[in-house]
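Inside the fold
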Protein chains: 2
Amino acid sequence: MSSVESPELRPTLADVARAAGVSTATASRVLNGFPRVRPKTRRQVESAMSSLGYARQRAARASTGGRTGSVALVVCEEVLRLFADPYFARISAGAGKELTAAGLQLVLLTVPATEDYQAPVVRYLDGGHVDGALVVGMHGRRPLDLGWLGIPVVFAGRPVCPREPGRFSYVDVDNRGGAQRATQRLIDAGRRTVATIAGPQDMTAGVDRLLGYRQAAAGAGRDHRGLVVFGDFGQASGEHATARLLDRKPHVDAIFAASDMMAVGALRALRRVGRRVPGDVAVIGFDDLPVGRRTDPPLTTVRQPIEEMGTRMTAELLAMLGGSAAPGCAVLDTELVIRASA
Amino acid sequence: MSSVESPELRPTLADVARAAGVSTATASRVLNGFPRVRPKTRRQVESAMSSLGYARQRAARASTGGRTGSVALVVCEEVLRLFADPYFARISAGAGKELTAAGLQLVLLTVPATEDYQAPVVRYLDGGHVDGALVVGMHGRRPLDLGWLGIPVVFAGRPVCPREPGRFSYVDVDNRGGAQRATQRLIDAGRRTVATIAGPQDMTAGVDRLLGYRQAAAGAGRDHRGLVVFGDFGQASGEHATARLLDRKPHVDAIFAASDMMAVGALRALRRVGRRVPGDVAVIGFDDLPVGRRTDPPLTTVRQPIEEMGTRMTAELLAMLGGSAAPGCAVLDTELVIRASA
DNA sequence: CTGAAAGCGCTTACAG
DNA sequence: CTGAAAGCGCTTACAG
């Protein structure tokens, strides 16, 4: 015991080099899998590493311009919402798959709702702990100030008003088109009073889906004033919004909800006042979450390829890390999936 | 444009010092909020920082023994299970609350199920990117080899066979006691054939809950051979296990499931073959997840304080980071919550 | 193929 | 209160 060095000190690369009788430069080359090392030397170093139980202090690479081997997925919500919303689960799954295949570690970061909420997260991102970041769910109230970040960033959804528009990449979904088609279906089915439960207007997804609704309504010569209520994409907000809507326009006979969770809330509110779906009121959601298959009646909705967003975002980020040219933007298609509610 | 330095290079602390007309030592002191700096000097440095848009390369601190300001929560499951199991959500919520209060960033890490699954995660943990780690859901099949980690670690649940038993802290729940009380309730209610759906035996929670069942059964002089079936804590496994059980022991009239999700599966399986709960078969779960309140009938279960585990683990970790003496272990109480299923 | 040396960005005794 | 200098662990031209 007393003949070895202090057992609490982790071995460093210099220790490994010494034990193997080589320079730290060579030890580093072995550590990083460089080709030009004599097999015998390589073996010496490797065995020194394993007998010392060497583990590289990866953070030290950062100061030297190296990579950390990890990528952040920043979800601009509190921990509890991260888990409550299946959207995040699926996007994470998509990202995780790609990253794992590339041998990179996915690091999930959440933004607490404190006053200076962004400080710790931005500090982390800025701190050289990750090679790049995927940012999900950003909205006006939580506008991560990513201005000075030294790493590539890809957003899920067109970011709200980025300081430097051209600087960031994003992968979006055709929110406007999807909302328009959904609304059009309600109109084509002969519904007279087609309302919408819009999403938060500080997120482009909320804005674009409302825009799609308005275009369809205007195109059909409808006056949609008073037929727009707002929610936050969550179920409870959909339920409340529907109640308000029913108060204001008792004769409403169709609702386009800008998210499935809000549509589920709408279904509950309608059932509580005894309206039949789709008999009295037709309902269409947006997202195509699994829950929509189990509602009563099953939910007609606009499918967005959430998991694919995760994989595409990751692919784009990997391209940037690989030194791709300009930031790229992609917009994925949506698809109307018809079930029983409309 | 051309009169300033290359715009792509982030400013370093040396740049700040130069701009402020001080040494890097002083700049560093301001950056770290040391007290002994003349107010005027401090202001100069601060304004240089903000006008240069300085962001510290936090990773560089690691090599120097400093703190990163972040803590990992390692969930030994794939991304999708992380989101599927409410247990992780609640423990994360508990940890997140404590950490946010301490101004630390929570970093969620997941362990992909690839062959050498642990490599990236351990590399990350070993890399100096976090100050400590909370480890959740570890089991025999995924035995993170944390032996050489240079940072403090706290486990959720007594770890399986740690290499160095005294080295790690953990916060556990009285699994054995809870399981025993649940089983005893079934026996006291006059049930004759009390079976259990046990959890995975490569996790101490699975082992301890089975032990509690066995003790109660033995205490009542029961022969419980053939009355133990196994699942993986998930719903589907509970459903299948119940089907097997029914095959083997058609006259079973009580089931203690080692998790609520498995109990939910049991309820489904029982309903499918037309058994009434609790009339024909009484069922008790373990966890007290929200889902148990909405089953038909509502689920009698053993409550474990999951969120508190998260906060206690975090508190313990913070104590270790603060230089507390020995690793500590805590065991939290469970509580039988009686609803309609038993 | 390998080593001596300089460097990455930040921190910390040690002087003053 | 402040600075010059050495150091953290790792990497990378530059020679050979």
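Quick notes on the rules
- Residues numbered from 1 in each chain as written.
- Chains lettered and ligands numbered in written order.
- Predicted model: local features only at pLDDT ≥ 70, side-chain atom pairs only at ≥ 80, totals over all residues.
- Heavy atoms only, no water.
- Helix = DSSP H or I, 4+ residues; strand = E, 2+ residues; numbered from the N terminus.
- Buried < 20%, exposed > 50% of the residue type's maximum accessible area, 1.4 Å probe, protein only.
- Contact = heavy atoms within 4.5 Å.
- Areas by Shrake-Rupley, 256 points an atom, 1.4 Å probe, with all protein chains shown as cover.
- Pairing = 2+ DSSP bridges.
- Axes fitted to C-alpha atoms, helices over the stretch in contact; angles between N-to-C directions.
- 1 Å grid on protein atoms, 1.4 Å probe; cavity = no way out; pocket = protein on both sides within 12 Å on 5 of 7 lines; lining within 4 Å.
- Points joined across faces, edges and corners; volume = space filled by probe spheres on them.
- Nonpolar A, V, L, I, M, F, W, Y, C, P; charged D, E, K, R; others polar.
- Parallel < 35°, antiparallel > 145°, perpendicular 65-115°, else oblique.
- Left-handed = near helix turned anticlockwise from the far one by under 90°.
- Salt bridge = Lys/Arg side-chain N within 4 Å of Asp/Glu carboxyl O.
- Arc of directions from axis to C-beta.
- pLDDT = per-residue confidence, 0-100.
- Core = buried A, V, L, I, M, F, W, Y, C linked by side-chain atoms within 4.5 Å.
- Expected span 1.5 Å × (residues − 1).

We now examine the overall build of chain A. Along the backbone of chain A there are twelve helices and twelve strands. Counting all 342 residues of chain A, 55% fall into the buried class. Residue pairs in contact within chain A that sit at least 24 positions apart in sequence constitute 70% of those at least 6 positions apart. For chain A, the exposed area adds up to about 15,000 Å²; of that, 52% sits on carbon and sulfur atoms.

Now for the sheet that holds strand 7 (residues 228-230) of chain B. Residues and elements named next belong to chain B. Across the sheet, six strands lie side by side as 7-6-8-9-10-12; this open sheet has mixed pairing. The two strands at the open ends of the sheet, each matched to only one other strand, are strand 7 and strand 12 (335-337). Going from strand to strand, the sheet's axes swing by 20° on average, the running direction of each strand aside. Note: strand 6 (residues 194-198) against strand 7, three bridges, orientation parallel. Looking across to strand 7, one finds that Thr196 is bridged to Val228. Relative to the sheet, helix 8 (residues 175-188) contacts strand 6, strand 8 (254-257), strand 9 (282-287), strand 10 (300-303) and strand 12, its axis offset from that of strand 9 by approximately 165°. Docked against the sheet, helix 9 (residues 204-219) engages strand 6, strand 7, strand 8 and strand 9, running at close to 170° with respect to strand 6.

So, about the layout of surface pockets. A volume near 2,000 Å³ is recorded for the largest pocket. Along the walls of the largest pocket sit 47 residues, with A:Met261, A:Val291, A:Arg294, B:Val291 and B:Arg294 positioned nearest its centre. At six residues, the largest contribution of residues to the lining of the largest pocket is made by helix 11 (residues 260-272) of chain B. Across the lining of the largest pocket, the residue classes tally to 27 nonpolar, five polar and 15 charged.

In this section: the packing of helix 1 (residues 13-20) of chain B against helix 3 (residues 39-52) of chain B. Residue and element names in this part refer to chain B. Direction vectors running N to C along helix 1 and helix 3 enclose 125°, while the axes themselves pass 8 Å from each other. By the criterion of interaxial angle, the relationship of helix 1 to helix 3 is oblique. Relative to helix 3, the crossing made by helix 1 is right-handed. Contact residues: helix 1 offers Asp15, Val16, Ala19 and Ala20, while helix 3 offers Gln44, Val45, Ala48, Met49 and Leu52. Across the contact of helix 1 with helix 3, the residue classes break down as seven nonpolar, one polar and one charged.

Below, the discussion takes up the pattern of salt bridges. Pairs can form between side chains of opposite charge once their charged atoms are near each other. All names here are of chain A. Overall, the coordinates contain 22 salt bridges over all chains when judged by the stated rule. Between Asp15 and Arg18 there is a salt bridge, and its shortest N-O distance comes to 3.2 Å. Taken together, the residues Asp15 and Arg18, both in helix 1 (residues 13-20) and three residues apart, mark about one turn of the helix. Under the relative-accessibility criterion, Asp15 is labelled buried at 16%. A salt bridge links Arg312 to Glu308, with the shortest nitrogen-to-oxygen separation between them at 3.5 Å. In this pair, Arg312 and Glu308 both sit in helix 12 (residues 306-321), four residues apart, roughly one turn of the helix.

Residues and elements named next belong to chain A. For helix 2 (residues 24-31), the set of buried residues is Thr26, Ala27 and Val30. Along the axis of helix 2, the buried positions cluster into a sector of 100°, meaning they face one direction only. Just downstream of helix 2 lies Gly33, where phi reads positive at about 65°.

This paragraph deals with the packing of helix 1 of chain A against helix 2 of chain A. Residues and elements named next belong to chain A. Relative to each other, helix 1 and helix 2 sit at 105°, their axes nearing to 8 Å. Classified by the interaxial angle, the pair formed by helix 1 and helix 2 is roughly perpendicular. Counted together, Leu13, Ala14 and Ala17 of helix 1 and Thr24, Ala27, Ser28 and Leu31 of helix 2 form the full contact between these two elements. When its residues are assigned to classes, the contact of helix 1 with helix 2 shows five nonpolar, two polar and no charged.

All names here are of chain B. Burial of the side chains of strand 11 (residues 329-332) is restricted to one face: Ala330 and Leu332 are buried, whereas none of Cys329 and Val331 on the reverse face is. As defined by bridge partners, strand 5 (residues 169-173) adjoins strand 11 across four bridges and the pair is classed as parallel. When the sheet's bridge partners are listed, Val173 is paired in strand 11 with Leu332.

Attention now moves to the confidence of the model for chain A. Per-residue pLDDT for chain A averages 86, and the proportion of residues at 70 or more is 87%. Below a pLDDT of 50 lies the segment residues 1-7 of chain A, which in the model reaches zero contacts outside its immediate sequence neighbourhood of four places, other chains included.

Counting 62 residues, the largest nonpolar core has A:Ile91 and B:Ile91 as the members making the most contacts within it. Setting aside anything within four residues of it in sequence, one finds A:Ile91 in contact with A:Leu73, A:Val136, A:Ala156, A:Ile306, A:Met309, A:Gly310 and A:Met313.

All names here are of chain B. Its 14 residues place the ends of helix 10 (residues 235-248) 20 Å apart at the C-alpha level, agreeing with the 20 Å of an ideal helix rising 1.5 Å per residue. Burial in helix 10 covers these residues: Ser237, Gly238, Glu239, Ala241, Thr242, Leu245 and Leu246. Each element contacted by the buried residues of helix 10 is listed here: strand 6, strand 7, strand 8 and helix 11.

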